[in-house]
Amino acid sequence: MSEAGGIFEKIEDVTVLVVDDDAMVMSIVVEYLKSFGFKHILEAKDGKAAIKILQDPHQRVDMILSDWEMPNVDGHTLLKAVRNHPTRSSVKFLMVTSQNSRERTKIAQARQLNVDAYIVKPFRGEILREKIFKVLGLDKDAPKQAG
Amino acid sequence: MSSNNQQATALKVEERDEKLEAQAPVENRRILVVEDEPEIAKSYESILSGGADNVIPMRRSSRSQAPAEPVQNNVQGFEVVVVHQAIKALETVKQAVADGKPFAMGFFDVLLGPGMDGIELVRQIHEFDPNMFAVFVTAYNDRNVDSIRKLLGESMSDKWDYLNKPFSEGEILQKARNTVALWNLRNEKQAQDTALAEANRRLHIGERMASVAAVARGVGHEFGNILTQIIGQAELGRMGNEQRMKQALDTILKATETASAILERFKDLAKGSESVSKKKMIWAHSPLIEALELMGHQIKTTDIKIVRVKSERVQIMASHSSLVQVFVNIIINSIHAMGGPGQIDFSLFKDGDFVEYHIRDYGPGIPEELLGKVTQAFFTTKGDKGTGLGLSICKEIVEIEHRGQFTVKNHPMKGAEMVIRIPVMSEDD
């Protein structure tokens, strides 16, 4: 079902799943994504809710933008679950971490599981846009709307 | 959760210990001679300085049957300073203390001519150098040992000795050797005690800072979120219309208020780690609530439910930041013990002149044979993750700082339970 892995023609076609336990951060990220031109945005308040969405075979998901430290199922567990999933294993995964003492360990763990990109909080919209466009293989010179 | 930082702290403390050991005191071989007769003063000097060649033959001690033969001083000589007057002696000792080169001992002639005698001189010296040993030397039985003891005081009775004139060379030399050795032994002991106390103090600060570091990780995450929100609102607000911009600014202001509150709490916790803070009347529940807020991120991400069983509104005379430390340490221990999702119950109520806190987790509890040991310093079940001071610090804060009681037990149903009793009013206030 998933279209992930291919090069995307248009941002409007991409379905992105945002996973974050902080409602305020979630709303900011969603607003950024809309300003970049995303039309299909799904929200999950933790890894558990994200897995539930991914288990629906009719739900298209091309990219996951997930926080790392979350209750219930954290970002690391979610990434592992995605990479081991029969149909979702090649979904693009962008991890969001906090800048703290264990950041390097977390990034190393994520790299082992073939994370596509990571971004450290706090970040500017422009950085988020660059990372997303690079992961999706979209034209970097697409019209900028934030940053 | 805090392994890296606790390890780092432990390493730092070890480094400091080595430094402390390296500062072993240098041997003090300085002797003061207070003698108004130049001839005798000179003979002291030659006996003690190690050059026995020019020793003027001394008369035999009246009490000794041993022949008064010159003694070869093979040992490295003493550093001898000779003065002839009491006033000069006072100045010399004062200067020596000021220079950090105190005398280990002095030989004091009792009769020093007009002004003060040797005993009064030593009494005055002990006012600013209580460690200096004194050996009184006199030819007259004008002072018996009891009158000297009375003059110098009970507490100084191990700081002086007595020698009759005429003395033998051997008597002087042996007295000097023994007394100087004793001064150095005591000095070394004192330096070790000081170093040990300092190492202990640093270790305790280190452990308190380790809990601060654990909290800091959560605070860092919260700040990351708040800043993401502030940056996002600013960027997105700038692109929107006037109404969107106004809404963005309102959200930013609210976010900065949250950040300031977190920072205030955190600063308070860190402050409590550095020094014993003052006690004042506080709401008994406020340090507990603050600890739960500080640990909020860890509690949320490990999926732990906090249940308030009972919370009475009582005021106590206590140090707010020290009690926050206690609760943060207990919560960290509980989170570690449960190792995942779980529950922490707390209750708070007044019991006579005490306020009682109960904090219970739903972990595996503490093996019966270890119950008495968990509040001992250096006890840890976390291997190299902990320094094993967490609960001992709690006990210290509760029992020594607040004269309360800290009890660790297992809950009859499941998990460990900490009971803290704090007097409503402390004795010293």
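See the structure above.
Cut-off values and rules
- Residues numbered from 1 in each chain as written.
- Chains lettered and ligands numbered in written order.
- Predicted model: local features only at pLDDT ≥ 70, side-chain atom pairs only at ≥ 80, totals over all residues.
- Helix = DSSP H or I, 4+ residues; strand = E, 2+ residues; numbered from the N terminus.
- Buried ≥ 20, exposed ≤ 12 C-beta atoms within 10 Å, placed from the backbone.
- Contact = placed C-beta atoms within 7 Å.
- Pairing = 2+ DSSP bridges.
- Axes fitted to C-alpha atoms, helices over the stretch in contact; angles between N-to-C directions.
- Parallel < 35°, antiparallel > 145°, perpendicular 65-115°, else oblique.
- Left-handed = near helix turned anticlockwise from the far one by under 90°.
- Nonpolar A, V, L, I, M, F, W, Y, C, P; charged D, E, K, R; others polar.

Trainee: Sorry if this is basic, but what is going on with the overall build of chain B here?
Mentor: Regarding its fold elements, chain B presents 11 helices and 12 strands. Buried positions account for 35% of the 429 residues belonging to chain B.

Trainee: Before we go on, may I ask you to explain the overall build of chain A in this structure?
Mentor: When you go through chain A residue by residue, the secondary structure sums to 5 helices and 5 strands. Counting all 147 residues of chain A, 37% fall into the buried class. Expressed as a percentage of contacts within chain A between residues at least 6 apart in sequence, the contacts between residues at least 24 apart total 65%.

Trainee: Explanation requested: the pairing of strand β2 (residues 79–83) of chain B in the structure shown.
Mentor: Look at any regular strand and the pattern is simple: side chains alternate between the two faces of the sheet. Residues and elements named next belong to chain B. Here β2 shows a buried face lined by V80 and V82 and an unburied face lined by E79, V81 and V83. In terms of strand pairing, strand β1 (residues 30–34) meets β2 through 5 bridges, oriented parallel. Paired with V34 across the strands is V83, a residue of β2.

Trainee: I'm lost on the sheet that holds β2 of chain B in this one. Help?
Mentor: Strand pairing in a sheet takes place through backbone hydrogen bonds and is either antiparallel or parallel in direction. Residues and elements named next belong to chain B. Read from one edge to the other, the open sheet built from 5 strands follows the order β2-β1-β3-β4-β5, with strand pairing classed as parallel. A strand with exactly one partner marks an edge of an open sheet, and here the two such strands are β2 and β5 (160–164). Averaged over all neighbouring strand pairs, the angle between strand axes comes to 20°, with direction disregarded. Bridge analysis of strand β4 (residues 133–138) against β5 gives 5 bridges, and the strand direction is parallel. Its bridge partner lying in β5, V135 is registered against D161. The sheet strands contacting helix α2 (residues 38–49) are β1, β2 and β3 (105–109), and the helix crosses β2 at an angle near 175°. Where helix α4 (residues 118–128) meets the sheet, its contacts fall on β1, β3, β4 and β5, and the angle it forms with β3 comes to roughly 150°.

Trainee: It is not clear to me how the environment of I282 of chain B should be interpreted in this structure. Could you clarify?
Mentor: Topologically, I282 of chain B is positioned in strand β6 (residues 280–283). Measuring from C-alpha to C-alpha, the distance between I282 of chain B and A318 of chain B comes to 6.7 Å, with 36 residues separating the pair along the chain.

Trainee: I would appreciate a short explanation of the packing of α4 of chain B against helix α5 (residues 145–152) of chain B in the present structure.
Mentor: The axes of two packed helices give the description: the angle between them and the distance between them. Residue and element names in this part refer to chain B. At a minimum axis separation of 10 Å, α4 and α5 run at an interaxial angle of 30°. Considered as vectors, α4 and α5 are oriented roughly parallel to each other. The element α4 and its partner α5 pack so that their crossing is right-handed. The segment α4 lies against α5, with I119, V122 and R123 engaging I148, L151 and L152. The class makeup of the residues in the contact of α4 with α5 is 5 nonpolar, no polar and 1 charged.

Trainee: Got a minute to help me understand the interface of chain A and chain B in this structure?
Mentor: Interfaces are often sized by the accessible area lost when the parts come together. With 23 residues of chain A in contact, the opposing surface of chain B contributes 19 residues. The greatest single-element share of the side of chain A that touches chain B, amounting to 6 residues, is contributed by helix α1 (residues 23–36) of chain A. Here the residues of the side of chain A that touches chain B are counted per class, giving 9 nonpolar, 8 polar and 6 charged.

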